[in-house]
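Okay, here's what each chain looks like letter by letter:
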Amino acid sequence: MGARVTSDQIVEVFAEWSDGGSTHYRHGSGLLVSGALVLTAAHNLGGSACRLTVRSGKAEYDARALAAGDDKTETDIAVLQIDDPSFRRIAPTVEFYAVDRVHLNQISQCKAVGFPRFGVEVLEKAADGSDRIRRESVQVNGSISSGSNLKSQLLTLLVGDDRPDESYRSQRTGGFYPSSSGKRSEGKGIDSRSSPWSGMSGAAVIVKDPAWGEGVIGLVVEHPLSRGAAALTVAPIVNIDTAFGQSARHVWSLLGVSDATRLSRVPSETRLPVQRRSVDIDVDPPLSDFTGHTASLRQLTDAVLGELALGGRPVVVIAGMAGVGKTTLATHVAHELDDRFHHARIVVRLHGKEADEATVTRHQQRVLRAFGVSDDRLRQASGHPDDLNDLYLSMIDAGPSLVIVDDPASEQDVLRFAPRRPGSVLIATSRTTLSDLDGAVHVLLKPWSEGASLPFLVSLLGQERVAAEPEAARTILAATGGLPLAIRLLSAFAISPAGARMSLKEIAGTIAEEETRLDRFSRKGRSVHATIFVSYRHLTPSTASFFRRICLLGVPDLSRALVTMATDTSGVEAIAALSELMDAHLLEHVRGDRYRMHDLVRLFGSDVARAEESPAAIADVQERWRRYYAEEAARWDSELTSEGERLSPAALDWFDIEEANIKATLVAASAAQDWETVYGLAARLRPPLAYRGRFREYAEVARAGIEAAEQGQFVAQAVAMMVHLAEARRHSGDPEGVDDLYERAEGLAAAAGDVAKQTWIGVHRGDFALEQGRGEDAVDHYDRVDEIYTERSDNAARVWVSGHYVDGYLSLGRTAQAVERGELAVELSLSLDDPAEAAWAHKHLARALQVAGQYPEAIGHMTQALEHAEQTGDLGARVDCLRRLGWIARDAGDRDAAEDYLEQALQGAEALDIKHLIEELGADLRNLR
């Protein structure tokens, strides 16, 4: 049943923006839902540059638009996020319903609460003598006819009370809107013909359905003047799909809706008069805090009611992992549809065990005793199983019955208790899919998202306690993985005498460590560990062994190749085991050959593995896991990378898929002191992180690489990683300790006699000094390096360092020296017959000439640099040359040529997907225009 919407969820929405020196305001209504989200009308927002404010009671909070439709009436829907730190509440989720537009009905119990203009009241005088006012809320009640506005996909709320009378327009000639000071003051120049409903836009229209309870069906978006004061136009909430396009699925998930195509439809079918039931066996009482699984509940009830309407006997399988709420959902349906089953409601609990003849007999006898069958008759029938079964069926088929078979081991176990009479219903709750149960509707339950979990936690712990510590609440939910049983068990501790004295932060701390987390999800004989164990014990021995081993792989998702290598099984054996685990809902298929395991299932399997596998077997699995990623990363590095450190599309795709797994493997390798693997993974993570501009993460990876190189005594690798860490800090704007890293690395390279690395580091030190505004120091570093290169007659290296010299001289204002060094670089490059070296030399000479104001010469050399870059096939270098040509043309005053060069550069950057460069080139073009 939908939870009731409360008055503290009704809010006002204000928008303020400037245009041409004038300040504009809009005032609307909204509904606070799902944490800190606000549903309102899109036209209340006033454009992308406006300031949005949400008033709840007397408090006001800053907000921003998460999604907004266009100016069409049918898509006039917006979702705001209150991001004001002072907002401490966590609003509950609400139910959303679709209006049944197939059948012609009148939905009579509709209401909306908003802040229309006719609800204004003057409260007090401000210090300057002006009126300080606010709008009073107005609740309207009315009805909606489902057959109206079918073509426009809109609804009309016919208001029955609390509407403005026709004399309003002669009494009010203005409206009240927010002032720039944030206070509410009288607006000037408002058209006297404005609707008195102005400000009601965005109010949620709430319906109370006898079957589903309260829920939102749409938002008020317009007052059609032609209909008089008694009609309001409503955009159905299902129009979110049209309004938000590809973002709709994300918006629905934020609102706690997993599948918007399965929203309950109102009005629901008229419920039957309740008759006295003959038998109720083992039906748990209804839960007052039932929440979540809305789409699954709707799918189940729609299937049952639809089949019953056709005179059938519905069969439904509710499947899902242990602890996900299968039995709870079945019990909820038993109470929701209790008027359908006035003969009997029966629950048969099999606890995952195969139902042998003794078990079937015991359960059937229990049912028959409840129907009043004598012990003598039971003794006579019990000697003949067929007779007992016939007697059982004759009793439950005497009237419409609901039979729930809870946790059967197989399809055959379900059929042993199935009613035959049309009008009866069979529901099986199972840890496996029961795919061979003919004619069954299958409802799959999954763990909740955070948005769906939060209302459940609030219902168990109370709004005040959760709202006081929202971050701790989210930490708790993350640790439970959205598993309802885990949330309920931990909440039971939280409200116990011991837990009630603890803060939520302290409780979150008790489940922070993975090694002991499962122990906390246990209460008075119930535990997550025990319920997962039931699924585990039904696995075949080979799959159980496979399951234990893959639970030792501490990665977010699993590829078939990884599990095949880590478990030392064949591809055929792995596929068979993966299929069995998916059928048992111990593993979920994600996409392609990727699978994911719930964290609590993984922790269970890891515990069992450590209890049942030998230390040598565990070490072998984990070593195979690390080796798999070390080899895959090396293969990617050698086969998928283009020239230099430019990454190929294939390399980036692989990185995007495997990044989280590689990082997890790096952490595991570090814990195992497998330093060679740590260094190898760190070295292979560095290029894509730098390419993506994620330099802080790049720095973390480099630190891990340095530790591994030092622990493993890989001197050359340690030097390289020190330079990479220094680069990462430079690019992330954190220069502290960078010079020390360079000095340390340079000293190690010199001690090892590695002149190439020593000079390479020296140039980097010079570049860093240049960034810090120490141009003279930079040139000194370049001088020392150039001296070594000159002694070694290394012209290629001298060309390279010349580019750095140019930058150093220009920073010091020595333009002539910069040009001179650039000319030397071009001269040296002629002896090398290397287009890459020539491109480098011409590019830096062009830069020096640009600063010197010699634009034609600069264009000429940069054009040569571009031609040489194209000879090498280096697309990144080509983009850089085009961008620099654009800068030179801009400085020369040729804006058309500059725009053309920059557009070509942008196209090249987009083709290479270099995100930071795309942003920078976009800024270049905007500044040019």
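Residues numbered from 1 in each chain as written. Predicted model: local features only at pLDDT ≥ 70, side-chain atom pairs only at ≥ 80, totals over all residues. Heavy atoms only, no water.

1. Examining helix H20 (residues 571-583)
Here is step 1: With 13 residues, H20 should reach 18 Å at 1.5 Å per residue; the first-to-last C-alpha distance of 18 Å fits that figure.
Here is step 2: Of the positions making up H20, those classed as buried are Ala574, Ala577, Leu578 and Leu581. Take H20 and look down its axis: the buried residues cluster within an arc of 100°, on one side only.
Here is step 3: Contacts from the buried residues of H20 go to helix H18 (541-550), helix H19 (560-566) and strand E29 (594-596).
Here is step 4: Looking one or two residues beyond H20, the residue adopting positive phi is His585, at roughly 60°. (Helix = DSSP H or I, 4+ residues; strand = E, 2+ residues; numbered from the N terminus. Expected span 1.5 Å × (residues − 1). Buried < 20%, exposed > 50% of the residue type's maximum accessible area, 1.4 Å probe, protein only. Arc of directions from axis to C-beta. Contact = heavy atoms within 4.5 Å.)

2. With respect to helix H8 (residues 385-396)
Here is step 1: Relative to the 16 Å expected for 12 residues at 1.5 Å per residue, H8 spans 17 Å between its end C-alpha atoms, a close match to the ideal helical length.
Here is step 2: Considered for burial, the residues of H8 that qualify are Leu388, Leu391, Tyr392, Leu393 and Ile396.
Here is step 3: Turning to H8, the residues buried within the fold contact strand E21 (344-349), helix H6 (357-370), helix H7 (375-382) and strand E22 (401-406).

3. Quick look at the packing of H18 against H20
Here is step 1: Running from N to C, H18 and H20 cross one another at 85°; their axes reach a closest spacing of 10 Å. Comparing the axis directions of H18 and H20 gives the class roughly perpendicular. Residues Thr543, Phe546, Phe547 and Ile550 of H18 pack against Ala574, Ala577, Leu578, Glu580 and Leu581 of H20. (Axes fitted to C-alpha atoms, helices over the stretch in contact; angles between N-to-C directions. Parallel < 35°, antiparallel > 145°, perpendicular 65-115°, else oblique.)

4. Points about the pairing of E22
Here is step 1: Of all 6 residues making up E22, 6 are buried, and the element is well covered by its neighbours.
Here is step 2: Bridge count for E21 against E22 is 6 bridges, and the pairing is parallel. Note on E22: the bridge partner recorded for Arg345 is Leu402.
Here is step 3: Of the pairings in the sheet, the one linking E22 to strand E23 (residues 425-430) comprises 5 bridges and is parallel in character. Bridge pairing in E23 places Asp406 opposite Thr429. (Pairing = 2+ DSSP bridges.)

5. Considering the sheet that holds strand E11 (residues 138-145)
Hydrogen bonding along the main chain pairs the strands of a sheet, whether they run parallel or antiparallel.
Here is step 1: Spatial strand order, E8-E11-E12-E17-E16-E15: 6 strands in a closed barrel with antiparallel pairing. Neighbour-to-neighbour, the strand axes of this sheet turn through a mean angle of 45°, independent of strand direction.
Here is step 2: Taken together, the 4 bridges between strand E12 (residues 155-159) and strand E17 (residues 231-236) define a ladder with antiparallel strand orientation. Residue pairing for E17: Leu158 is matched across the bridge by Ala231.

6. Comments concerning the packing of aromatic side chains
Here is step 1: Enumeration over the complete set of coordinates arrives at 13 aromatic pairs.
Here is step 2: Measuring from centroid to centroid gives 6.1 Å for Phe533 and Tyr536, while their planes differ by 45°, and the two rings are tilted. Residue Phe533 and its partner Tyr536 are both found in helix H17 (residues 528-537); the two are separated by 3 residues, about one turn of the helix.
Here is step 3: What makes Tyr536 buried here is its relative accessible area of 7%.
Here is step 4: Seen from their ring centres, Tyr536 and Phe547 are 5.8 Å apart, and the 40° between their planes marks the pair as tilted. Here Tyr536, found in helix H17, pairs with Phe547, found in helix H18; they are 11 residues apart in sequence, far enough to count as distant. (Phe/Tyr/Trp six-rings, centres within 6.5 Å; stacked < 30°, edge-to-face > 60°.)

7. A few points about the nonpolar core
The tendency in soluble globular proteins is for nonpolar side chains to be buried side by side.
Here is step 1: In this structure, Leu300, Ile427, Val528, Phe547 and Leu553 are the most contacted members of the largest nonpolar core, which totals 132 residues.
Here is step 2: Counting 48 residues, the second-largest nonpolar core is a separate cluster that includes Leu810, Ala841, Ala848 and Leu885. (Core = buried A, V, L, I, M, F, W, Y, C linked by side-chain atoms within 4.5 Å.)

8. Overview of the pairing of strand E4 (residues 51-56)
Here is step 1: The buried fraction of E4 is high, at 5 of 6 residues.
Here is step 2: As paired strands, strand E1 (residues 10-19) and E4 are joined by 5 bridges and run antiparallel to one another. Considered in E4, the bridge of Glu12 is made with Arg55.
Here is step 3: Relative to strand E5 (residues 59-68), E4 runs antiparallel, the two being bridged by 5 bridges. When the sheet's bridge partners are listed, Thr53 is paired in E5 with Asp62.
Here is step 4: Two successive antiparallel strands, E4 and E5, enclose a turn made up of 2 residues, where Gly57 displays a positive phi of approximately 65°.

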